Amino acid sequence: MKFKTIIEPFKIKSVESLPITTPEEREGYLKREHWNVFGLKSQEVTVDLLTDSGTGSMSSEQWAAIMRGDESYAGSHSWQRFHDVVSDLTGYKHIIPTHQGRASEKILATITVKEGDIIPSNSHFDTTRANFEFVKAEALDLLCKEGLDLLSPSPFKGNIDLDKLEKILKEKNEKIPFVLMTITNNTGGGQPVSMENLKKVKELCGKYNKMFLLDACRFAENAWFVSQREDEYKDVEIRDITKEAFRLADGCTISLKKDGFGNIGGILAFNDDDLAEQARNLLILTEGFPTYGGLAGRDLDALAQGLKEITDKNYLEYRARSISYLGEKALSFGIPIVQPAGGHALYIDAKTFVPHIPSHEYPGHSVACEIYLIGGVRTVELGTLAFGVAGENGKPDEPSTHELVRLAAPRRTYTQSHFDYVAEVLEKLAENKEKLKGYEIIEQPKQLRHFTAKLRPL
Ligand SMILES: *Cc1c(COP(=O)(O)O)cnc(C)c1O
């Protein structure tokens, strides 16, 4: 029997109270932080949709696993359990534990990339891009054309443009150390990549003799979309889809703060013996001994358990549904969103939503502040404040391509009524949109300015 109500497929064993604040208090907090939501204390936020990274809830089995944690420096039992789960899931020969995704990226960039290299991808995540650019290589995004159109609801907007990929593999072959596919495509709105696209990337990498790597932070969410949208996979178990995806590539980097169901953790994995040895040599310098990386034994055990739980189809259905539900609500209030709703987040298209605020007055930031002021919900601007280039000598900023506001859902943390509450906040946002004003920056650092910039409403 099929029910209309998709329930949270868990019950709550331990709770943390949420602060309920007044509009006056919220205005005071935001003013104190110079209108930057990153400055807010978590006790001032009622529903925190800033990120899905490391913010999820662990299961009782994960907490039990924490008690099994073995803190032996070398060869701990926790490491063996972690290794067995990861090698069964991914099939890679060498599994290297790190403290989080960017630690894996840093090692990867150091051992495989040199000045002048080009790394083609569907879209690089910001820290991945930053690590490649740090060694003076080019992080090249080759997103498919459906992915570039925010408002069109195609099923696999995370795919890479295969013609462009083949062209660059042919023309710049000797500059390319590997091809990196991000699943799901975080930068492009949490959109999935089809298995067909991954298979074609593998084929091209074979033809041009290149290594194929995955940035597989959301491997389970990607597999869920594949099971829903790719005919060939509709009767395949989620676990089997994830296993097949990993086996198409030659290695991966993963932040386990996402689909690892962990609060911290990462993986770097290869089939290649020589690369693995180089990676382990660096690992010892910056992370730790190869059987714990940057992690405690108890973390490895919690992650091993989380990696077993994440491919549960009931959980993935509830997760995808929470976000698409919020998306349907937003659309019904006339709020334009990136379509279809992503796997881990909903993205509001602020450029279309508040066209009276120009890019250099940060429309996405204005929307994010208003969402906080209305209901204490924290979101994040991903637009000109985050990615634009600061104008010099009083000139306006060079704008980012899109002005988005991301509502990212922590895993297994909020329930249907929390999402209904957020929907109500969005309804009020839509009613007030004409009154929204732009912002100006009064102080900003040189890099990653959105984290600490001070602003003021115009
Ligand atoms: C989060 C993320 C990373 C970086 O991982 P951290 O654990 O935050 O260092 C890399 N790639 C993608 C796609 C991510 O979402």
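Predicted, not measured: the structure shown is a model, and the values here were computed from it.

Colleague: Break down the overall build of the protein for me, with residues and values.
Modeller: Scanning the protein from terminus to terminus reveals 17 helices and 14 strands. Each principal axis of the C-alpha atoms in the protein carries an extent, and together these give about 60 × 55 × 45 Å. Residues counted as buried form 56% of the 458 residues belonging to the protein. The long-range share in the protein, meaning contacts at least 24 apart out of those at least 6 apart in sequence, stands at 72%. For the protein, the exposed area adds up to about 20300 Å²; of that, 52% sits on carbon and sulfur atoms. If you average the places of the 57 positive and of the 67 negative side-chain charges in the protein, the two averages end up 1 Å apart.

Colleague: Describe in detail the domain arrangement of the protein, supporting the description with residues and values.
Modeller: The assigned domain composition of the protein is domain 1 (23-52 + 312-457) and domain 2 (60-309). Each of domain 1 and domain 2 has a C-alpha centre, and the two are 27 Å apart. Both faces combined, the contact of domain 1 with domain 2 buries some 2100 Å², and carbon together with sulfur accounts for 58% of it. The tally of links between domain 1 and domain 2 comes to five salt bridges. In this structure, D52 and R218 form a salt bridge, with 3.0 Å as the shortest nitrogen-oxygen distance. The tally of links between domain 1 and domain 2 comes to 14 residue pairs in polar contact (both at pLDDT 80 or more). If you list the elements that add at least two residues to the side of domain 1 that touches domain 2, you get helix 13 (313-332), strand 9 (345-349) and strand 12 (404-408). Grouping the constituent residues of the side of domain 1 that touches domain 2 by class yields eleven nonpolar, five polar and nine charged.

Colleague: Please provide a residue-by-residue account of the site of the ligand, values included.
Modeller: The environment of the ligand is formed by 15 residues, the closest being R102, D215, R218, S255 and K258. A distance of 2.8 Å separates an oxygen atom of the ligand from a polar side-chain atom of Q100. Here an oxygen atom of the ligand and a side-chain polar atom of K258 are 2.8 Å apart. At the level of secondary structure, the elements contributing two or more residues to the shell around the ligand comprise helix 4 (101-112) and helix 5 (126-134). When residues of the shell around the ligand are assigned to their parent elements, the largest contribution, three residues, is made by helix 4. Classifying every residue of the shell around the ligand by side-chain character gives two nonpolar, seven polar and six charged.

Colleague: So, helix 3 (residues 77-90): which residues are in play, and what are the values?
Modeller: Compared with the 20 Å implied by 1.5 Å per residue over 14 residues, the 20 Å span of helix 3 between its first and last C-alpha is a close match. By the burial criterion, the buried members of helix 3 are S78, W79, F82, V85, V86, L89 and T90. Viewed along the axis of helix 3, the buried residues span an arc of 135°, placing them on a single side of the element. Contacts from the buried residues of helix 3 go to helix 2 (60-68), strand 2 (94-98), helix 9 (219-229), helix 10 (238-248), strand 8 (266-270) and helix 12 (297-309). Just past helix 3, the residue G91 takes up positive phi, approximately 80°.

Colleague: Requested: an account of unusual backbone geometry, with residues and values cited.
Modeller: I183 connects to T184 through a cis peptide bond whose omega is -20°. In this model, H34 sits at a positive phi of 50°, which is unusual for a non-glycine residue. As for its placement among the helices and strands, H34 is situated in the loop between helix 1 (23-32) and strand 1 (47-48). Despite not being glycine, Y362 has its phi angle at roughly 55°, a positive value. Relative to the assigned elements, Y362 resides in the loop between helix 14 (350-353) and helix 15 (363-375). Judged by its relative accessible area of 3%, Y362 falls in the buried class.

Colleague: Can you lay out the sheet that holds strand 12 for me, pointing to particular residues and giving the numbers?
Modeller: The strand order 9-12-11 describes an open sheet built from three strands, whose pairing is antiparallel. Two strands close off the open sheet at either side, each with one partner strand: strand 9 and strand 11 (380-382). Within the sheet, the average angular offset between the axes of one strand and its neighbour, ignoring direction, is 30°. Bridging between strand 11 and strand 12 involves three bridges; their strand directions are antiparallel. From the neighbouring strand, V380 faces strand 12, where its bridge partner is R406. Relative to the sheet, helix 13 contacts strand 9 and strand 12, its axis offset from that of strand 9 by approximately 20°.

Colleague: Account for the state of the cysteines, with residues named and values stated.
Modeller: As enumerated under the stated definition, the model contains zero disulfides in all. With no disulfide of its own, C144 lies 17 Å from the sulfur of C205, the closest cysteine sulfur. Relative accessible area serves as the criterion here: at 5%, C144 is assigned to the buried category. No disulfide involves C205; its sulfur sits 15 Å from that of C252, the nearest cysteine.

Colleague: Lay out helix 15 in plain terms, naming residues and giving numbers.
Modeller: The end-to-end C-alpha distance of helix 15, which contains 13 residues, comes to 19 Å, matching closely the 18 Å that a straight helix rising 1.5 Å per residue would cover. Of all the 13 residues making up helix 15, twelve are buried; the element is thus mostly covered by neighbouring parts of the structure. Those residues of helix 15 that sit buried are P363, G364, H365, S366, V367, A368, C369, E370, I371, Y372, I374 and G375. Directly beyond the C-terminal end of helix 15, a positive phi value near 70° is found at G376.

Criteria and cut-off values
Residues numbered from 1 in each chain as written. Predicted model: local features only at pLDDT ≥ 70, side-chain atom pairs only at ≥ 80, totals over all residues. Heavy atoms only, no water. Helix = DSSP H or I, 4+ residues; strand = E, 2+ residues; numbered from the N terminus. Buried < 20%, exposed > 50% of the residue type's maximum accessible area, 1.4 Å probe, protein only. Contact = heavy atoms within 4.5 Å. Areas by Shrake-Rupley, 256 points an atom, 1.4 Å probe, with all protein chains shown as cover. Lys, Arg positive; Asp, Glu negative; His and termini not counted. Charge placed at Lys NZ, Arg CZ, Asp CG, Glu CD. Domains from an automatic or database assignment. Buried area = accessible area lost by both parts, 1.4 Å probe. Salt bridge = Lys/Arg side-chain N within 4 Å of Asp/Glu carboxyl O. Polar contact = N/O pair within 3.5 Å; in protein donor to acceptor, adjacent residues only side chain to side chain. Nonpolar A, V, L, I, M, F, W, Y, C, P; charged D, E, K, R; others polar. Near = heavy atom within 4 Å. Expected span 1.5 Å × (residues − 1). Arc of directions from axis to C-beta. Pairing = 2+ DSSP bridges. Axes fitted to C-alpha atoms, helices over the stretch in contact; angles between N-to-C directions. Disulfide = S-S within 2.5 Å.

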